[in-house]
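As a plain string of letters, each chain reads:
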Amino acid sequence: MAASSSVFTVSPSRNLAAIPLHQSLSPPLLRSSSVAFRPKRRSSSLVLCSTDETKSTAEKEIPIELRYEAFPTVMDINKIQEILPHRFPFLLVDRVIEYTAGVSAVAIKNVTINDNFFPGHFPERPIMPGVLMVEAMAQVGGIVMLQPEVGGSRSNFFFAGIDKVRFRKPVIAGDTLVMRMTLVKLQKRFGIAKMEGKAYVGNSVVCEGEFLMAMGKEE
């Protein structure tokens, strides 16, 4: 009977209070009871992993049309037309989404199959011409230059030159071209400004370069 009682005290499911007082706990029994609690820590960690998987599944259930927010509007097309002299079919900026006076502007051009250059470039593979990407970026630069903070003249403002221009990826119908233009040097005395620009589709750079702007005074 004494042997059978010692066997029952080893079981982790037994309550230690149920052990008769006249029986002593030997060191091996204490070690075995402490081992019995280790699986509980592992099981709790598995519950946390299950919770993470449930959260990930819930995110996947959100419809794709509700996952992404629209670009903000800092300047709409009406405001852009008040600043830039360009008009259809050569106004290549649809919306300004960020503007820092006298420093930089970020704007978008929605590239659609209805753009008038696609029938010829190219009929079977619609790709936005690189020169028009550069022109669109220059127009974003014009939004910075033609503000009171810089003092450019709307009637006497020209795209004077480009340098280090690189085209990284083709831009096709359906893309949204996001362009950032930053003023890096301004010489008001000579009416010359240098800007740096990058254009993106998604997270990829599709075009980048340095731009030279020439501005005169109102006549």
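Residues numbered from 1 in each chain as written. Predicted model: local features only at pLDDT ≥ 70, side-chain atom pairs only at ≥ 80, totals over all residues. Heavy atoms only, no water.

### A short note on the sheet that holds strand β2 (residues 104-110)
Spatially, six strands are ordered β1-β2-β4-β5-β6-β3 in an open sheet, and the strand pairing comes out antiparallel. Each edge of the sheet is formed by a strand with only one pairing partner; in this case those strands are β1 (95-100) and β3 (157-167). If you compare each strand with its neighbour and ignore which way they point, the axes differ by 20 degrees on average. The sheet contact formed by β3 and strand β6 (residues 204-215) spans eight bridges and is antiparallel. Counterpart to Arg166 in the pairing with β6 is Glu208. (Pairing = 2+ DSSP bridges. Helix = DSSP H or I, 4+ residues; strand = E, 2+ residues; numbered from the N terminus. Axes fitted to C-alpha atoms, helices over the stretch in contact; angles between N-to-C directions.)

### A closer look at the environment of Asp175
Checked against the element boundaries, Asp175 lands in the loop between β3 and β4 (176-187). The spacing of Asp175 and Gly202 is 27 residues in sequence and 8.6 Å in space, taken between C-alpha atoms. Residue contacts for Asp175: discarding those within four places in its chain leaves Lys109, Asn110, Val111, Pro170 and Val201. A distance of 3.0 Å separates a polar atom in the side chain of Asp175 from the backbone nitrogen of Ile172. (Contact = heavy atoms within 4.5 Å. Polar contact = N/O pair within 3.5 Å; in protein donor to acceptor, adjacent residues only side chain to side chain.)

### Observations regarding the pairing of β1
One face of the sheet, then the other: side chains in a regular strand alternate in exactly this way. As paired strands, β1 and β2 are joined by five bridges and run antiparallel to one another. Within the sheet, the bridge partner assigned to Tyr99 lies in β2 and is Ala105. What sits between the antiparallel neighbours β1 and β2 is a turn of three residues, in which Gly102 has the positive phi angle 70 degrees.

### Digging into the pattern of salt bridges
Counting across every chain of the model gives six salt bridges. Of the charged contacts in the structure, one is a salt bridge between Glu210 and Lys164, with a shortest N-O distance of 3.7 Å. Placement of the pair is Glu210 in strand β6 and Lys164 in strand β3, with a sequence separation of 46 residues. Since its relative accessible area comes to 54%, Lys164 is described here as exposed. Of the charged contacts, one joins Glu208 and Arg168 as a salt bridge, the two residues approaching to 2.7 Å between their closest N and O atoms. (Salt bridge = Lys/Arg side-chain N within 4 Å of Asp/Glu carboxyl O. Buried < 20%, exposed > 50% of the residue type's maximum accessible area, 1.4 Å probe, protein only.)

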